[in-house]
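A structural walkthrough
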Amino acid sequence: MTLTAVRADRRTARVAAGALVVVTAVWGSTFGLSKDLLERLPVTDYLGPRFLLAAAVVVLVRPQLVRSLTPETLVSGAGLGVLYAVGQLLQFQGLLHTAPTVSAFVVSLYVVFTPLLAAVLLRVRPGRTTMVATGLAVAGVATMSLRGWSFGTGEVLTVVSAALYAAHILAMAARARPGQAFPLTFVQLVTIGALLTVAAAGDGVQLPAGADVPAFLYLAVVAAGGALLVQTWAQARLSSSHAAVLMVLEPVWAAVFGVVLWAESVDARTLLGGALILAAMVLVVARPGADRLDEALVEPSPAHP
């Protein structure tokens, strides 16, 4: 790879990193809305129709994506959708049995599981940048979230969901291709929505009504469809480990929106934890392709007889 190509690759990776930061801001804005809706809707009734509506909006925005649905896209998207759907279900079920702050920390462990799974399954050793950023991110989320610790059913379910999210991030990095964001996102959304709606159908699917509809539309169209579309596009241009580090910004944004919109208080631990996570983000954005691109810049050593 030439130096010019490497620089262009880095610029693209920085744009993708910035796009993921925007996605985490959208995710962070959903905590209060989701918590409020879940007081009136069961978990599967909330999640299933939400993702089906997101799929409908995506295909309405880009109807020509249907012509791009190849057998490979269908298989890849369905597999990704199953991972994400089960992860969502376990995360929310776990939340019923543990404190939200503990859940926020445990689910963020996907930032650790992602490079570990890559090392075990793909034989990809994390680089120095990834390891330092991962350590900063974990320390930041722990500082923000943990106020005590016990390990029970809720924590077990949430750990499994974090592992599934890590597997989804890895699989997305392997399957996402430039130009395929819309069809791959659509198949994922349909799969997630169909699985969770079927899970909700046993006692009838309850839909949001009245004043809940605007919040539900935002959560479906922007926070589900739009966010997954941008994540799919960005992960075609970033390493899986760096994507995982950037996604850990979600609790930072949740804290920001909590203060701005819901008048929640912020303490020194939240500020320190947020600073550590932001440091991890800066490291990744400054050198988004460092682990991979630095190798491309190394001149091959001369052959020895």
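Each remark here, short or long, concerns the structure printed above.
These remarks concern the structure in this document. (Residues numbered from 1 in each chain as written. Predicted model: local features only at pLDDT ≥ 70, side-chain atom pairs only at ≥ 80, totals over all residues. Heavy atoms only, no water.)

1. Examining the side chain of S241
By the secondary structure assignment, S241 is in helix 11 (residues 240-247). The contact partners of S241, leaving out residues within four places of it in the chain, are T114, P115 and T130. (Helix = DSSP H or I, 4+ residues; strand = E, 2+ residues; numbered from the N terminus. Contact = heavy atoms within 4.5 Å.)

2. Observations regarding the packing of aromatic side chains
Per the stated rule, a full pass over the model turns up 4 aromatic pairs. Here F51 and Y84 contribute two aromatic rings whose centre-to-centre distance is 6.2 Å and whose plane-to-plane angle is 75°, an arrangement assigned as edge-to-face. In this pair, F51 is assigned in helix 3 (residues 43-61) and Y84 in helix 4 (residues 71-95), connecting sequence segments 33 residues apart. Comparing F51 with Y84 shows no difference in burial state: the two are buried. With 5.7 Å between their ring centres and 55° between their planes, Y84 and Y165 make a pair best called tilted. (Phe/Tyr/Trp six-rings, centres within 6.5 Å; stacked < 30°, edge-to-face > 60°. Buried < 20%, exposed > 50% of the residue type's maximum accessible area, 1.4 Å probe, protein only.)

3. Looking at the pattern of salt bridges
A full pass over the atoms with the stated rule returns 2 salt bridges. A salt bridge links R40 to D36; its shortest N-O distance comes to 2.7 Å. Where D212 meets R40, a salt bridge forms, and the shortest distance between an N and an O atom there is 2.8 Å. You can see D212 sitting in helix 10 (residues 212-235) and its partner R40 sitting in the loop between helix 2 (30-37) and helix 3, a full 172 residues away along the chain. Because the salt bridges share partners, they merge into one network encompassing D36, R40 and D212. (Salt bridge = Lys/Arg side-chain N within 4 Å of Asp/Glu carboxyl O.)

None of this, on its own, says anything about what the molecule does.
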